[in-house]
Amino acid sequence: MSDASAPTTGMLVIGDEILSGRTVDANLAYAAPRLAALGAPLGEVRVIPDIIPVIVDAIHALCAGSAQVITSGGIGPTHDDRTAEAVATAFGRPLERSADAEARLRAHIGADQINAARLKMADVPAGATLIDNPVSAAPGFQVENVYVMAGVPWSFQAMFDAVAPSFS
């Protein structure tokens, strides 16, 4: 039985590929026991599609009842990765290109391989704090109590481990 006064964490697993069954989510299984051990257990998890209004509504709902919210998925280079835009909308902030994130991507990917799709991963809500991604250099970000991380498990795990101490 859990203590109702303990801070809880909300989690959004974002991606049409999860909902279709094409991809099996591993991030919830990784995060849940670690959050419980930190004293910030999951109170609610939602698996949602890559649709901006759905993501915005889920962020608002989870923020209302959680000490922090973590997301996985939707911050990559593909056309359906819309999480950064949705988080910006949820917090009423413009989406902007982070010079620091762009520099990290250019250094990791190389000048001959960088393109507009990859640079999209440097777009974050204004005022966001970057979350390091030692696996691919494409950072996640934090806005207020929302931590936005990659959906690829090894990237998610590295990013989660970097920010997890702030959840206790």
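As the structure is a computational prediction, the values presented were derived from the model and not from experiment. (Residues numbered from 1 in each chain as written. Predicted model: local features only at pLDDT ≥ 70, side-chain atom pairs only at ≥ 80, totals over all residues. Heavy atoms only, no water.)

S.K.: An account of the pattern of salt bridges is needed here, citing residue identities and associated values.
M.R.: Here the structure, examined in full by the defined rule, presents seven salt bridges. With its nearest N and O atoms 3.6 Å apart, the salt bridge here joins E144 to R93. Of this pair, E144 sits in the loop between strand 7 (140–143) and strand 8 (146–149) while R93 sits in the loop between helix 4 (83–90) and strand 4 (95–97), placing them 51 residues apart in sequence. With relative accessibility at 53%, the residue E144 sits in the exposed group. Taken together, the shared-partner salt bridges in this structure form one network comprising D100, R104 and D132. (Salt bridge = Lys/Arg side-chain N within 4 Å of Asp/Glu carboxyl O. Helix = DSSP H or I, 4+ residues; strand = E, 2+ residues; numbered from the N terminus. Buried < 20%, exposed > 50% of the residue type's maximum accessible area, 1.4 Å probe, protein only.)

S.K.: Give a description of the pairing of strand 8 that names residues and reports values.
M.R.: What you see with strand 8 is no split at all: V146 and V148 on one side and Y147 and M149 on the other are buried throughout. Where strand 3 (residues 68–72) and strand 8 come together, four bridges link them in parallel fashion. Pairing of T71 across the sheet is with V148, part of strand 8. Where strand 7 and strand 8 come together, three bridges link them in antiparallel fashion. When the bridges of strand 8 are listed, F141 appears paired with V148. (Pairing = 2+ DSSP bridges.)

S.K.: If you had to explain the packing of aromatic side chains to someone new, which residues and values would you point to?
M.R.: Within the structure shown, the criterion is met by four aromatic pairs. Seen from their ring centres, Y147 and F167 are 4.8 Å apart, and the 90° between their planes marks the pair as edge-to-face. Remark: F167 occurs in the segment after helix 7 (153–163) and Y147 occurs in strand 8; sequence separation between them is 20 residues. By the burial criterion, Y147 is buried, and F167 matches it. Ring plane angle 25° and centroid distance 5.9 Å describe the contact between F156 and F160, whose orientation is recorded as stacked. Taken together, the residues span about one helical turn, with F156 and F160 both in helix 7 at a distance of four residues. The pair formed by F156 and F160 is uniform in burial state, with each residue classed as buried. These aromatic residues form a ring-pair network of at least three members: Y30, Y147, F156, F160 and F167. Above the ring of Y30, the side-chain terminus of R34 is found at 3.6 Å from the ring centroid. (Phe/Tyr/Trp six-rings, centres within 6.5 Å; stacked < 30°, edge-to-face > 60°. Lys NZ or Arg CZ within 6 Å of the ring centre and 35° of its normal.)

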